[in-house]
Amino acid sequence: GDGVPSTVVLERWSTDIKSIMVAVPSVSEKLWLIAEGTLPDVRTMEAQGEMYVDGRFSGKGDVPKLVRGESFSIPFGEVRGVQVEREDKIPQSGSTWIGKGTLRKGYSIKITNGLDKELSMIVKDRVPIATDDKVSISISTITPAPSKKDDETGIVTWSLDLKPNETSEIHVIYDLRYPSDKELVFSR
C-alpha cells in the first residue's frame, strides 16, 4: 500500500468485567483502572481493547493473547485527579533506630481523592520477607490494618473508600534483625 496505517476489525466480543481501581505506590504514583474477568468462548490475539463503564468510554488497554476460560487483569489507564504518594521514613527516636544487627525502616502512603465523587480503591505494597534464616523481620506498625496480607510474598492489600477531597494515610514500620558481623543486601 501507500504506507498509511489502517485498522482491520477481525472480530468483536464483549464480556462482563469487574472494574477496580488499584494503586501500587512503590511502582507508580498513579491510580489505575483495571478490568478483571474471564474470557468467554473465544480466543484472542494481542490487540488493543476498549473499556466501557455504564455505557461510557473509560479507556483503552492492551489485551494479551488469551484462550477461552482464561482469567485476565488488564490496565485501562490512570484515574486522573487522585494523588498517591509513598515516602520512606525511619523513626528518629529510640535506641534501635539503627545499630549493629538492627535496622528500623518504614514508609507512609498518602492517597488524596481530588475528584467530586467517592472512590473505592485497592492499595498494594510489599513489606520485606526474610530469605535467610539468620534474618528476622517484625512489623511494629501497620495502620490501618490491611484487608489482606500474603506472608509468602509480603504483599499487603488495603481496601479504601475515599470521599471527595478526602485524604487517607497508611503507615508501615518494621524492624530487621541480622547477625551483627554481617551486612544486609536489599533486592527486589
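Residues numbered from 1 in each chain as written. Predicted model: local features only at pLDDT ≥ 70, side-chain atom pairs only at ≥ 80, totals over all residues. Heavy atoms only, no water.

## A word on the overall build of the protein
Stage number 1. Within the protein, the secondary structure is distributed over 0 helices and 13 strands.
Stage number 2. What you see in the protein, going N to C, is helices and strands ordered as β-β-β-β-β-β-β-β-β-β-β-β-β.
Stage number 3. Scaling as 2.2 N^0.38, a compact globule of 188 residues should have a C-alpha radius of gyration of about 16 Å, whereas the protein reaches 21 Å, well beyond that.
Stage number 4. Its C-alpha atoms give the protein principal-axis dimensions of about 70 × 40 × 35 Å.
Stage number 5. Pairs at least 24 residues apart make up 65% of the contacts formed inside the protein by residues separated by at least 6 positions.
Stage number 6. In the form shown here, the protein has an accessible surface area of approximately 12800 Å², with 47% of it arising from carbon and sulfur atoms.
Stage number 7. For the protein, the separation between the mean place of its 25 positive charges and that of its 29 negative charges on side chains is 3 Å. (Helix = DSSP H or I, 4+ residues; strand = E, 2+ residues; numbered from the N terminus. Rg over C-alpha atoms; globule rule 2.2 N^0.38 Å. Contact = heavy atoms within 4.5 Å. Areas by Shrake-Rupley, 256 points an atom, 1.4 Å probe, with all protein chains shown as cover. Lys, Arg positive; Asp, Glu negative; His and termini not counted. Charge placed at Lys NZ, Arg CZ, Asp CG, Glu CD.)

## Focus: the sheet that holds strand S1 (residues 18-23)
Backbone-to-backbone hydrogen bonds pair the strands of a sheet. The strands run either parallel or antiparallel.
Stage number 1. Ordered by their spatial adjacency, 6 strands build an open sheet running S5-S2-S1-S9-S12-S11, and the pairing between neighbours is mixed. Both edges of this open sheet fall to strand S5 (71-78) and strand S11 (148-149), since each of them pairs with a single strand only.
Stage number 2. Note that strand S2 (residues 31-38) and S5 share 6 bridges and pair antiparallel. Within the sheet, the bridge partner assigned to Gly-37 lies in S5 and is Phe-72. (Pairing = 2+ DSSP bridges.)

## Section: the packing of aromatic side chains
Stage number 1. Per the counting criterion, the structure on display carries 0 aromatic pairs.
Stage number 2. Over the face of the ring belonging to Tyr-107 we find Arg-86, whose NZ or CZ atom lies 3.8 Å from the ring centre. (Phe/Tyr/Trp six-rings, centres within 6.5 Å; stacked < 30°, edge-to-face > 60°. Lys NZ or Arg CZ within 6 Å of the ring centre and 35° of its normal.)

## A word on the nonpolar core
Stage number 1. Core analysis: the biggest nonpolar cluster contains 35 residues, and Leu-31, Val-82, Ile-111, Met-121, Val-123, Trp-158 and Ile-170 have the highest contact counts within it.
Stage number 2. Broken down by secondary-structure element, the contributors of at least two residues to this core are S1, S2, S5, strand S6 (82-89), strand S8 (102-113), strand S9 (119-126), strand S12 (155-162) and strand S13 (167-177). (Core = buried A, V, L, I, M, F, W, Y, C linked by side-chain atoms within 4.5 Å. Buried < 20%, exposed > 50% of the residue type's maximum accessible area, 1.4 Å probe, protein only.)

## A short note on the pattern of salt bridges
Stage number 1. Evaluation of the coordinates by the stated rule reveals 5 salt bridges.
Stage number 2. Measuring nitrogen to oxygen at the nearest pair gives 3.1 Å for the salt bridge that ties Asp-125 to Arg-86. Separated by 39 residues along the polypeptide, Asp-125 in strand S9 and Arg-86 in strand S6 bring together distant segments of the chain.
Stage number 3. Residue classification places Asp-125 among the buried positions, given a relative accessible area of 4%.
Stage number 4. Each of the salt bridges in this network shares a partner with another, and the network as a whole consists of Arg-86, Asp-88 and Asp-125. (Salt bridge = Lys/Arg side-chain N within 4 Å of Asp/Glu carboxyl O.)

## With respect to the environment of Lys-30
Stage number 1. The topology assignment puts Lys-30 in the loop between S1 and S2.
Stage number 2. Note on Lys-30: relative accessible area 34%, which makes it partly exposed.
Stage number 3. In sequence terms Lys-30 and Arg-80 are 50 residues apart; their C-alpha atoms lie 7.9 Å from each other.
Stage number 4. Contacts of Lys-30, omitting those with residues within four sequence positions, involve Val-22, Ala-23, Glu-78 and Val-84.
Stage number 5. For Lys-30, the side chain forms a polar contact with the side chain of Glu-78, separated by 3.4 Å. (Polar contact = N/O pair within 3.5 Å; in protein donor to acceptor, adjacent residues only side chain to side chain.)

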